[in-house]
Amino acid sequence: AAQRAAVLEHLEVRRLLARTLAPFTPSPFEVVDTMLDLADLQPEDVVMDLGSGDGRTPLTAAWRGVSAIGVEIDALLVGRASAMGEREEGGASNTP
């Protein structure tokens with residue numbers, strides 16, 4: 001029980017730090033589309049988004065047929081990204 005409490009406390013500290021040190025500020029979908037258009041991505045390219053938030057950039061790239069990796073520290077945002085990916089055709093996978 002003590003170990004579980006320590007793990008939960010550690011996760012809560014990480015979540016709070018993620019929100020205060022690097023708060024989630026989503027890019028509008030129109031901006032994501034423009035960024036990906038300007039990148040002129042090809043099917044063999046890979047998009048990597050560090051601090052991917054709700055996953056809108058890597059998911060949009062994946063929906064365009066490009067491999068994409070999103071890295072996010074906030075488990076709540078990872079859950080949002082996963083849910084958004086599952087709602088769309090093809091689904092999404094994530095590893096918290």
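So, a few notes on the structure that sits alongside this text.

About the criteria used
- Residues numbered from 1 in each chain as written.
- Predicted model: local features only at pLDDT ≥ 70, side-chain atom pairs only at ≥ 80, totals over all residues.
- Heavy atoms only, no water.
- Phe/Tyr/Trp six-rings, centres within 6.5 Å; stacked < 30°, edge-to-face > 60°.
- Lys NZ or Arg CZ within 6 Å of the ring centre and 35° of its normal.
- Helix = DSSP H or I, 4+ residues; strand = E, 2+ residues; numbered from the N terminus.
- Buried < 20%, exposed > 50% of the residue type's maximum accessible area, 1.4 Å probe, protein only.
- Polar contact = N/O pair within 3.5 Å; in protein donor to acceptor, adjacent residues only side chain to side chain.
- Contact = heavy atoms within 4.5 Å.
- Salt bridge = Lys/Arg side-chain N within 4 Å of Asp/Glu carboxyl O.

1. With respect to the packing of aromatic side chains
Move 1: Enumeration over the complete set of coordinates arrives at zero aromatic pairs.
Move 2: Over the aromatic face of phenylalanine 29 sits the side chain of arginine 56, whose NZ or CZ is 4.2 Å from the ring centroid.

2. Things to note about the side chain of arginine 56
Move 1: Along the polypeptide, arginine 56 turns up in helix H3 (residues 56-63).
Move 2: Take arginine 56: its relative accessible area is 14%, and that puts it in the buried class.
Move 3: Here the side chain of arginine 56 touches aspartate 54 through a polar contact of 2.7 Å, side chain to side chain.
Move 4: Ignoring anything within four residues of it in the chain, the contact list for arginine 56 reads Pro26, Ser27, Pro28, Phe29, Val32 and Met84.

3. Looking at the pattern of salt bridges
Move 1: Scanning the entire structure with this criterion turns up three salt bridges.
Move 2: Aspartate 54 is paired through a salt bridge with arginine 56; the nearest N and O atoms lie 2.7 Å apart. The same class applies to aspartate 54 and to arginine 56, which are both buried.
Move 3: Each of Asp33, Asp37 and Arg64 takes part in a single network of salt bridges with overlapping partners.

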